[in-house]
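# Understanding the architecture of this molecule
One letter stands for each residue in the lines below.
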Amino acid sequence: MKELYLKYKKILRDLMYTIGAQLLMNGVLQIIIYPIMNRTIGQYEFGNIITYMGFVYIIGDAIGSGICNNRLALKKSIETSQGDYNHLLKLFLPLSFIAGGILIHLYFQGIGVLIYSFIVLLTTIRYYGQVQFRLQLDFQKNFIYFAILTGGYGIGTIAFLFTKSWYCIFLTGEICAILYLIFTTYLFKGKDKSQNYNKVLHSTSLLIFSYLITDILVNLYRFVINYYCGPEAVSTYYVFSMIGKTLIMFTAPINNIILSYLADDKSQFNKSNFTTIVKIVLIVSVLCMIACVIVTPIYITLLYPNMNAMNWTLNIVVNAAQIFNFGAGLIITLILATLGAKYHLCLQLVYGTLFMITALLFTKYFGIMGFGFAACISNFFRLIEMLIVGYKKLLYSMD
C-alpha cells in the first residue's frame, strides 16, 4: 500500500508540474502577450501573425515532438543510443529551416525570411528538448524549462513594445530555453549510432509525418480562413477557440505523463485502465464543453473588446470541435504507446482527409461558420474513430 501511495503520489505531482508548465506558458501568451499584440498592431496584422506562427508550430511540433515521443515509445522495445537521435536532428533540423523559409517566402522577402526560419529551427529544438526530462521522469526540471521559455517571451514582449517587431518575442523565448538545455543537460552529446538506427529513422519518420498531419489540421483555420475570409476572420476564430484550445493544452501534459510512464513500464496499462480513461474523458469533456461556452464571451469581452463576443452559434460550434479533439487526443497517445507509429499515422490520414475536404468546401460557401462546422464534424469522427480502434485493436493487443 505504501509503494502504491508513493507511486501515484509521484505521478500526481508530475502531472501538476506538467500542467503547471503548460498553464504558465500558454497563460502568459493568451492573457498577456497576445492581447498586447492585438492592441498594439491591430486585429488585421495580429491575424497575419497568427497565420505566420501556425507554420512555426506545425514544423516545430511535428519534427521536435515526433523525435521526442518516438524516443520514448521505443525506450523499452529496442536498444537505441543518444547518437541515433542526434543524427536525426542533423537530418531533420536543416529541413525545418528550409521549410520555414519556403513557406514564409509566400508572405515577405529579405532578412525576414532568415529570421523566421531561425525561429522555426529553434522551436523544433525546443520541442525535442523536453525528452531529456521525460526520459528521467524529472518533471520539476521540465517546469523550470517552460518557466525560462515563458520568461524569455516576456523579455521579448518588452522589446516588441519598443521595436514593433514580433520576432523579438519568440526569438528571445526559444533562445533562453535552449541555452538552459545546453548548460544543464548532456542532451546533444553523443555521436555513435546504434545497430538499430535504421529502425529508429523509419519509425521516427512515420511519426513525424503523422504529427505533421495533426499539426496542419490543428492550425488549418489559420490558412483556410485567411484565404477565404481574410486576416480579421482568423483573429475572430482564434479568439473564440481560445478557451477550448486551453483545454486541449491539458492533453499535452497528460499525454506526456502517459507516454513517459508507459515508456518506462507498459505492464501498468490494461483493459480496466483503458475503459476507466475513456469514461473519465467523456465525463470531463461534457463538463468542459459547458464551461467553455460560458467563459468564452467573458474572456473576449475582457481581453479583446474590439471583437463581438456574443456570437453564440460560433461559440458553441467552435468549442464543440475543440472538446471532441480533446478526447481523441488523449486516446491516440495510448494507441501510439501500445500499437506504434504505423497505426497512429493511418488514423491521422483518415481523419485528415475528411477534415481537409470539409474545411475547404464549407469555408468556401459558408465562411468562418462553415469552417467551424467542418472542424466539429471531423473532430467528432476522430473521437469515434479512436474509440473503435481502441476497443478493437488496442485491447486485443493486450490479451
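Heads up: these notes are all about the structure in this document. (Residues numbered from 1 in each chain as written. Predicted model: local features only at pLDDT ≥ 70, side-chain atom pairs only at ≥ 80, totals over all residues. Heavy atoms only, no water.)

### Overview of the overall build of the protein chain
The helix and strand tally for the protein chain stands at 13 helices and zero strands. Beginning at the N terminus, the succession of helices and strands in the protein chain can be written as α-α-α-α-α-α-α-α-α-α-α-α-α. In the protein chain, buried positions account for 56% of the 399 residues. Residue pairs in contact within the protein chain that sit at least 24 positions apart in sequence constitute 83% of those at least 6 positions apart. With an accessible surface of roughly 17400 Å², the protein chain has 70% of that area assigned to carbon and sulfur atoms. (Helix = DSSP H or I, 4+ residues; strand = E, 2+ residues; numbered from the N terminus. Buried < 20%, exposed > 50% of the residue type's maximum accessible area, 1.4 Å probe, protein only. Contact = heavy atoms within 4.5 Å. Areas by Shrake-Rupley, 256 points an atom, 1.4 Å probe, with all protein chains shown as cover.)

### Describing the packing of helix H2 (residues 82-104) against helix H7 (residues 197-218)
Viewed as axis vectors pointing N to C, H2 and H7 meet at an angle of 50°, and their least axial separation amounts to 10 Å. One element, H2, and the other, H7, form an angle in the oblique class. Of the two elements, H2 crosses H7, and the hand of that crossing is right-handed. In this structure, H2 uses Asp84, Tyr85, His87, Leu88, Leu91 and Phe92 to contact H7, whose residues at the interface are Tyr197, Val200, Leu201, Thr204, Ser205 and Ile208. Its residues assigned to classes, the contact of H2 with H7 comprises eight nonpolar, three polar and one charged. (Axes fitted to C-alpha atoms, helices over the stretch in contact; angles between N-to-C directions. Parallel < 35°, antiparallel > 145°, perpendicular 65-115°, else oblique. Left-handed = near helix turned anticlockwise from the far one by under 90°. Nonpolar A, V, L, I, M, F, W, Y, C, P; charged D, E, K, R; others polar.)

### A short note on H7
With 22 residues, H7 ought to run about 32 Å at 1.5 Å a step, and its terminal C-alpha atoms sit 31 Å apart, in line with that. Among all positions in H7, only Tyr197, Val200, Ser203, Thr204, Leu207, Ile208, Ser210, Tyr211, Ile213, Thr214, Asp215 and Leu217 are buried. (Expected span 1.5 Å × (residues − 1).)

### Things to note about the pattern of salt bridges
Taken as a whole and assessed by the stated rule, the structure comprises one salt bridge. Linking arginine 126 and glutamate 174 is a salt bridge whose minimum nitrogen-to-oxygen distance equals 2.9 Å. Residue arginine 126 is located in helix H3 (residues 111-129), and its partner glutamate 174 is located in helix H6 (residues 167-184); the two are separated by 48 residues in the primary sequence. (Salt bridge = Lys/Arg side-chain N within 4 Å of Asp/Glu carboxyl O.)

### Quick look at the nonpolar core
Counting residues in hydrophobic clusters, the biggest one holds 96 residues, and the most contacted among them are Tyr34, Met37, Ile67, Trp166, Phe170, Tyr304 and Phe371. Top contributing element to this core by residue count: helix H1 (residues 2-73), with 21 residues. If near-sequence neighbours (up to four positions away) are discounted, isoleucine 67 is found in contact with Tyr85, Leu88, Leu89, Phe92, Tyr128, Thr204 and Ile208. (Core = buried A, V, L, I, M, F, W, Y, C linked by side-chain atoms within 4.5 Å.)

### Focus: the packing of aromatic side chains
Applying the stated criterion to the full structure yields 22 aromatic pairs. Measuring from ring centre to ring centre gives 5.8 Å for tyrosine 34 and phenylalanine 46, while their planes differ by 65°; the resulting arrangement is edge-to-face. The pair tyrosine 34 / phenylalanine 46 is uniform in exposure class, with both members buried. One aromatic cluster is present, built from ring pairs that chain together Tyr52, Tyr116, Tyr153, Trp166, Tyr167 and Phe170. Sitting above the plane of the tyrosine 127 ring, arginine 126 keeps its charged end 4.6 Å from the centroid. When the ring centre of tyrosine 351 is taken as reference, the NZ or CZ atom of arginine 382 above it lies at 5.0 Å. (Phe/Tyr/Trp six-rings, centres within 6.5 Å; stacked < 30°, edge-to-face > 60°. Lys NZ or Arg CZ within 6 Å of the ring centre and 35° of its normal.)

### Focus on the environment of lysine 193
With respect to the helices, strands and loops of the structure, lysine 193 is situated in the loop between H6 and H7. By relative accessible area, lysine 193 is classed as partly exposed at 46%. Taking the C-alpha atoms as reference, lysine 193 lies 4.8 Å from aspartate 84; in sequence the two are 109 residues apart. In contact with lysine 193, not counting residues within four places along its chain, are Ser81, Asp84 and His87.

### Remarks on unusual backbone geometry
One non-glycine residue, leucine 137, lies in the positive phi region at around 55°. Looking at the element boundaries, leucine 137 is found in the loop between helix H4 (131-135) and helix H5 (139-163). Looking at leucine 137, the relative accessible area reads 15%, which means it is buried. Backbone geometry places lysine 164, a non-glycine residue, at a positive phi of 60°. Along the chain, the position of lysine 164 falls in the loop between H5 and H6.

### Structural notes on the packing of H5 against H6
The N-to-C vectors of H5 and H6 enclose an angle of 150°; their axes lie 7 Å apart at closest approach. The orientation of H5 relative to H6 falls into the category roughly antiparallel. Read as a crossing pair, H5 and H6 show a hand that is right-handed. Partitioning the contact of H5 with H6 into residue classes produces 15 nonpolar, six polar and two charged.

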